Amino acid sequence: MSKKMNKKKRRLSLFVIIGLIVFSLFAIMIFVPMLWAVITSFKAKNDFDHNVFGLPQEWVVTNYRIAFKFFRVQGRTTNFEPVYIPEMLLNTILYAGVGTLFCVLCHYIVAYCTAKFPYKFSGFIYGLVLVIMVIPIIGDAAARIQFVTALGLFDNWLGFFFQRFGFTGMYFLVMHETIKAVPNSISEAAEIDGAGHFQIMWRIVLPQVLNMLGVVFLITFMGQWNEYQFALMYMPSHPTLAYGLHAYNNSGFQEVSRSVPLKLTGCMFLFIPMVIIFIIFHDKMMGNLSMGGVKE
Amino acid sequence: MIEKNQDSILQEETNETLNVSLQSAPAGAMLRQRKARGLTRKRSALLFYCLMMAVPLIQFILMYICVNFNSILLSFKEYTPSGEYVWLENPFANFKEVFTELKGTQFLVAIKNSFTVFGCTLLINIPLSLFFSYYIYKGMVGNKIFRVALYLPNIISSIVMVTIFYYIMDDAIPLIWEKLFNKEIDPLISNPDTAIPSLIAFSVLFSFGSITMVFSSSMSSINESVIEAATLDGCNSLQEFIYVIFPLTFNVIKLQLLAALVGIFTNQLNLYTFFDINAYSKTWTIGYYLYRGTMAGGPPEYPFYATMGLILTLIAVPIILSIRKLFDKFDPYTSQGGKR
């Protein structure tokens, strides 16, 4: 029955033909510019001026060396010292890696507590997250910067990690549901064996939901790796690679501003690592995406 | 099965232990002991709960409640040359200034552009995303490669996509145009007249991948027996979509529509990424207006933008909540007796 239906589904109907045409156009519009950017990053400026679309007459790797040299943030940091790629990479690892770890950790802690301890307050927190998701707060950046500065949390890592240690978002709901689905009998058995609450949380329940946490971590990490406006606003002295690319694109260096291949080469510093991560984890990431969150 | 066995073994062991204890100790003392143990366990659970929740709650109080409260306070303050925020003599001066600005030409342009973007999301993004997601859901030809095409823009930094798109629109397309039609055209993004349609095209192209993924995931969670029943009843693809898929995924569609509605007030149309603070005034959106003002104006402008944010929130919240209610009322699934 199911096979018959599948055959019926796969027949070339008008729907499939239209879909195929529209989708192919879309795929071309996505893949071709990316491919064009990668190829252009290997072209010399003169080559590009006369040959915008074709393959490079000579594959130039020096673009990467030059872009590496000019890829810096200058004049935006508090001490006005230029920041180069190695420091930006370190900042990006702290920003995206450790920041995401704090974010996922906080979501897990609050989701665990509210899912496993049936206090009234847990219900209140769950409802609060739902309400916050419904009510949009617009233009709170000014008040946030002023407040964060007053608390001494502006432009430093402690302040950044503290800001990341939040739980109000879609992933809280996803984690809450996943943790709730872990049978209580497992924790009860561990409790009888003498495990404390802390041990149950970290050594019994955590491994059960590790797969989901991993996917949330990966998706959040990629978002943070690519994000630059938060860093620009709250961490101006600690530029990340994305922030660096924004500065690089708007820099006044004549070598860069006049050369399209050099600007696209700058993009490759962010583009290539993400593509590699995507190639490695694409099954996990795409297979686990559900409702803007993740599914087990 | 193994879990169940383990549970029953553990239960038996516990019962045995309790029986032994009950036989060897007087009943009253044992009960007291159990009560005390239960109380200790409850107390330790509460202590653990409080300890774990403390830091996240402090963070929430400071970064959400206090920040938003500070927004209210800032709207009654002004920045002095000495670098302090002091209460205004006329407490509503910022509000007056904001209302004047809201009627100004620049803000009206921002409103117009923001609504145009919303219109495009509503009329192009959502219908096309539904079509694409149904295509993927049905596992049609090439759906795997299309999934990658949809997903890829979401993992690449917007700043990378913007840079690539900028040069495609400014360098490559005019050249293609010239070759195809033998006619020169201006670069599309650097020209203020063509910038806004080009930016909207970029926004539509690179944002509907994520919406499609969300819709197709939601469709894939529909019970297959429901679809099989519809097929047996003689539903064709279009009927299946209209009468089965659409009502069952309406909840997710509703969320995306609400997100698009919120986007009227927050969507920057990537203007800051494209132009930093130097975007053409013709292209501004409300989101860009707020972000640019905060970034370019610095501390002296914070009270003004905090007031503007407050006023826009007060405008947006009732609109969003009313439309949400409206969606709930006209939900094709619940209105036919279904329960979410």
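This is a predicted model, so every value here is computed, not measured. (Residues numbered from 1 in each chain as written. Chains lettered and ligands numbered in written order. Predicted model: local features only at pLDDT ≥ 70, side-chain atom pairs only at ≥ 80, totals over all residues. Heavy atoms only, no water.)

What follows covers the overall build of chain B. Within chain B, the regular secondary structure consists of 12 helices and two strands. Written out in order from the N terminus, the α and β elements of chain B read α-α-β-β-α-α-α-α-α-α-α-α-α-α. A separation of at least 24 residues holds for 63% of the contacts in chain B among residues at least 6 apart in sequence. With the model as given, the accessible surface of chain B reaches about 17600 Å², and the carbon-plus-sulfur share is 63%. (Helix = DSSP H or I, 4+ residues; strand = E, 2+ residues; numbered from the N terminus. Contact = heavy atoms within 4.5 Å. Areas by Shrake-Rupley, 256 points an atom, 1.4 Å probe, with all protein chains shown as cover.)

Turning to the confidence of the model for chain A, a few remarks are in order. When pLDDT is averaged along chain A, the result is 87; 91% of the residues meet or exceed 70. Here residues 289–296 of chain A scores under 50 on pLDDT; set against residues more than four positions off or in separate chains, the count is 32 contacts. (pLDDT = per-residue confidence, 0-100.)

Turning our eyes to something else, we now look at the side chain of B:S216. Tracing the backbone through its elements, the reader meets B:S216 in helix 7 (residues 192–220). Its relative accessible area of 7% is what places B:S216 among the buried residues. (Buried < 20%, exposed > 50% of the residue type's maximum accessible area, 1.4 Å probe, protein only.)

This part is about the interface of chain A and chain B. Listed as interface residues are 102 residues of chain A and, on the opposing side, 97 residues of chain B. Around 9100 Å² of area is buried between chain A and chain B when both sides are counted, 78% of it from carbon and sulfur atoms. Area buried by chain A at its contact with chain B is led by A:F15, A:F23 and A:I138, which between them contribute 9% of it. Counting across the interface, chain A meets chain B through one salt bridge. With its nearest N and O atoms 3.4 Å apart, the salt bridge here joins A:E191 to B:R41. Connecting chain A to chain B are 18 residue pairs in polar contact (both at pLDDT 80 or more). (Buried area = accessible area lost by both parts, 1.4 Å probe. Salt bridge = Lys/Arg side-chain N within 4 Å of Asp/Glu carboxyl O. Polar contact = N/O pair within 3.5 Å; in protein donor to acceptor, adjacent residues only side chain to side chain.)

A few words on the pattern of salt bridges. All names here are of chain B. What the rule picks out here adds up to five salt bridges over all chains. Here D193 ties to K282 by a salt bridge, and the two come within 2.5 Å at their closest N and O atoms. Taken together, the residues D193 in helix 7 and K282 in the loop between helix 10 (271–275) and helix 11 (286–297) connect sequence positions 89 residues apart. Taking the shortest distance from any N to any O, the salt bridge between K254 and D328 comes out at 2.6 Å. Remark: D328 occurs in helix 12 (residues 302–329) and K254 occurs in helix 9 (residues 237–266); sequence separation between them is 74 residues. We classify D328 as partly exposed; its relative accessible area is 36%.

Residues and elements named next belong to chain A. Counted according to the given criterion, the structure contains 62 aromatic pairs over all chains. Ring centres of F68 and F269 lie 6.4 Å apart, and the angle between their planes is 80°; on these two criteria the pair is classed as edge-to-face. Note that F68 is positioned in helix 4 (residues 62–70) and F269 in helix 15 (residues 260–287), a separation of 201 residues in sequence. Looking at F68, the relative accessible area reads 42%, which means it is partly exposed. You can call F269 buried: its relative accessible area is 19%. An aromatic cluster is built from Y95, F102, W157, F160, F161, F165, F230 and Y234, whose rings are joined through pairwise contacts. The lysine or arginine in question, R164, covers the ring of Y95, its NZ or CZ lying 5.8 Å from the ring centre. Above the face of the F230 ring, R164 is positioned so that its terminal group lies 4.7 Å from the ring centre. (Phe/Tyr/Trp six-rings, centres within 6.5 Å; stacked < 30°, edge-to-face > 60°. Lys NZ or Arg CZ within 6 Å of the ring centre and 35° of its normal.)

Right, let's get into the side chain of A:Q229. Mapped onto the elements, A:Q229 comes out in helix 12 (residues 229–234). Overall, the relative accessible area of 16% leaves A:Q229 in the buried class. Ignoring anything within four residues of it in the chain, the contact list for A:Q229 reads B:Q268, B:Y272, B:T273 and B:Y291.

Residues lying three or four places apart along an α-helix face the same way, a consequence of the helix completing one turn every 3.6 residues. Residue and element names in this part refer to chain B. Of all the residues in helix 8 (residues 224–232), the buried ones are I227, A230 and T231. In an axial view of helix 8, the angular spread of the buried residues amounts to 100°, which keeps them on one side of the axis. One or two residues past the end of helix 8 sits G234, with phi positive at roughly 95°. (Arc of directions from axis to C-beta.)

This brings us to helix 13 (residues 241–249) of chain A. Burial runs high along helix 13 of chain A: nine of the nine residues are buried. Among the residues of helix 13 of chain A, those classed as buried are A:L241, A:A242, A:Y243, A:G244, A:L245, A:H246, A:A247, A:Y248 and A:N249.

This paragraph deals with a nonpolar patch on the surface. Together, A:F53, B:I176, B:W177, B:L180 and B:F181 line one region of the surface with nonpolar side chains, adding up to about 500 Å² of accessible area. Examined against the element boundaries, B:L180 turns out to sit in helix 6 (residues 158–181). What makes B:L180 exposed here is its relative accessible area of 61%. (Patch = residues over 30% accessible without salt bridge, like charges linked within 9 Å, V, L, I, M, F, W, Y side chains within 5 Å.)

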